[in-house]
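Chain by chain, the residues run as shown.
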Amino acid sequence: MFSGSARSKTGAFAVSQSLDPPLLAARDLALTVRGEPLLRNVDLDIHAARRLMILGANGAGKSLLLRCLHGLTRRTGGGVYWRGRPMDRAARRAQAMVFQRPVMLRRSVLSNLLFALGAAGVRKSERRARAQEALEQARLEHLARRPARLLSGGEQQRLALARALACRPEILFLDEPTASLDPAATLAVEQLISAAHSDGVAIVMVTHEAGQARRLGDDIVFLHRGAVAEAGRAAHCLSAPSSAPLQAWLEGRLYLEETRLSAEKR
Amino acid sequence: MSEIGAIFRAAFELILRWDSNLGEIVTLSLYVTFFAVALACCIGLPLGAAVGVFRFPGRTAATVLLNTLMGLPPVVVGLGVYLMLSASGPLGPLRLLYTPTAMIIAQLVLVTPIIAALARQITEDLNREYADQFTSLGVGPFRKLWAVLWDGRYSLLTVALAGFGRAVAEVGAVMIVGGNINHVTRVMTTSIALETSKGNLNLALALGVVLLAIAMAVNAVAMAVRASAMRAAYV
Ligand SMILES: Nc1ncnc2c1ncn2[C@@H]1O[C@H](COP(=O)(O)OP(=O)(O)OP(=O)(O)O)[C@@H](O)[C@H]1O
Ligand SMILES: [Mg+2]
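Residues numbered from 1 in each chain as written. Chains lettered and ligands numbered in written order. Predicted model: local features only at pLDDT ≥ 70, side-chain atom pairs only at ≥ 80, totals over all residues. Heavy atoms only, no water.

**So, the pairing of strand β9 (residues 219-224) of chain A**
Residues and elements named next belong to chain A. For clarity, the threshold we go by: Residue burial is assigned from relative accessible area. The probe radius is 1.4 Å, only protein chains are included, and a residue is buried under 20% of its type maximum, exposed over 50%, and partly exposed in between. Segments assigned H or I by DSSP are reported as helices when at least four residues long, segments assigned E as strands when at least two residues long, and all are numbered from the N terminus. Should DSSP find at least two bridges between two strands, the strands are taken to pair.
Burial of β9 is extensive: 6 of the 6 residues sit out of reach of the surface. Burial of β9 is two-sided: the residues Asp219, Val221 and Leu223 facing one way and the residues Ile220, Phe222 and His224 facing the other way are all buried. Sheet topology places strand β3 (residues 51-56) next to β9; 5 bridges connect them, and they run parallel. Within β9, the position partnered with Gly56 by the bridge is Leu223. Inspection of the sheet shows β9 paired to strand β10 (residues 227-233) by 6 bridges, in the antiparallel sense. Counted as the bridge partner of Asp219 is Arg233 from β10.

Encoded structure:
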């Protein structure tokens, strides 16, 4: 269906080395808000059970890209395809997302899980067992009755992750799930993500840490000012970056150069 | 001075021995307002939440309308309900004028917009916070409506209590449609007006004290509910 070889300069097809059709694909995705291009020419393929890390400086458009892929923000150009077809509500149900700041309902931890399962169409008789299973996986059983909004940041992030996974998605979007967590909580979240991946869930995750991208990523996409600057295997790109922005970002120079450039422009 | 002192003493005596006349008036007042507010919640909460949560053409107009109806003058409501219920009105054959049911209807009309308007604000704020999560989970419209009503339960309970406070203290509307008939449609506020004009200050003052006590109790409950909800971070 997609003869996108002409686009391979963006690197989208370096990511898709498997021959299976992609689970989720973006083609020439663009988002322009009030004349400002926030995302442009984004091509990427996400294959089943693979882990894609989205990297980039603050404000590069990582969160917006995730929102467009999941269908929370309406793109202004290009297409997003689920198994080769345009996205619809059924397709969104096969996806789950954990936000940069977790959204907790004003209920107990257990009720938060039950609500998500109900929304996902799980039968009432099965919800409790599924919720219990998710609690155990996230090691939150002892907090089941606690109001969710009283949990610590790390516990809330684990609950958000457990809630997303309880619905058994085929793909999981994560927006900086370990930002502002301590090393132990980060490890717990990374373990949950790895466990989900072993169960066959595709992972699309925004992160600011090259180390985390190496640990958890099969592939990476590096965004620079709303466009894909580099894409490919995580191990390769992060050790031998070919684009200037990724090189600069890895060396921690990106921010400094940006400020110098904008100063020169003025 | 000693005369006012005597009136106070007589009023408290009426309350303490729970004078049968006083008891009847207070009971009817609470009965009418309780039913009016319960019905107003059944209508106003889902209505307010629907306006707060769903996008539809005319949503802004609906919001403005609710906020305007919130400030309806009670006597105008009374007049409107009177016209509907009077012998020549569309509901005349039901013969409801000058019955407690008529007073319930008047208070219902008065309080429903208040509850709906406040519920809209609360549910809209909640929905703004939850919208992305709901979309991500694929939550359907009815589950969404129910979810914001449930998650706003403590705030909405204080809304219901505010509605109760407003309805129980209202005079004009129930006077017009109830007629303040002895042993039939005499509630606290209308009795206070009547007894004062008749010079029977003992009963008037006793009713006034009871009315104040009810208002205070309602406020105390509202504050306690809010405090316990705060502790669970549910507000
Ligand atoms: N609704 C919006 N309208 C206009 N501009 C927006 C909107 N949302 C985001 N932006 C802008 O788009 C750019 C990208 O935002 P985005 O949140 O995707 O960045 P990010 O890469 O996730 O950054 P961070 O690492 O800080 O989370 C930012 O400059 C932001 O100000
Ligand atoms: Mg972001």
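**Structural notes on the packing of helix α2 (residues 20-53) of chain B against helix α6 (residues 141-151) of chain B**
All names here are of chain B. Cut-off, in case you're wondering: Note on geometry: axes are lines fitted to C-alpha atoms, helical ones only across the stretch in contact, with angles between N-to-C directions running from 0 to 180 degrees. The scheme is simple: roughly parallel for angles under 35 degrees, roughly antiparallel for over 145, roughly perpendicular for 65 to 115, oblique for anything else. Less than a right angle of anticlockwise turn of the near helix away from the far helix marks a crossing as left-handed, whereas a clockwise turn marks it as right-handed. Residue contacts are counted whenever heavy atoms from the two residues lie within 4.5 Å of one another. Residues were grouped as follows: Ala, Val, Leu, Ile, Met, Phe, Trp, Tyr, Cys and Pro as nonpolar; Asp, Glu, Lys and Arg as charged; and all remaining residues, including Gly, as polar.
Two elements in contact, α2 and α6, have axes whose closest approach is 10 Å; the angle formed by their N-to-C orientations is 110 degrees. In terms of orientation, α2 and α6 fall into the roughly perpendicular class. Seen along the crossing, α2 lies across α6 with a hand that is right-handed. Of the residues in α6, those touching α2 at Leu45, Pro46, Ala49, Ala50 and Val53 are Lys144, Leu145, Val148 and Leu149. Of the residues belonging to the contact of α2 with α6, the class tally is 8 nonpolar, no polar and 1 charged.

**Here we look at the sheet that holds β10(A)**
Residues and elements named next belong to chain A. On the basis of which strands lie adjacent, the open sheet formed by 6 strands has the order β6-β7-β8-β3-β9-β10 and mixed pairing. Only two strands of the sheet have a single partner each, and these edge strands are β6 (95-98) and β10. Between one strand axis and the next, the sheet turns by 15 degrees as a mean value, whatever way the strands run. Strand direction decides the pairing type here: strand β7 (residues 171-175) and strand β8 (residues 202-206), joined by 5 bridges, are parallel. Looking at the pairing, Ile171 lines up with Ala202 of β8.

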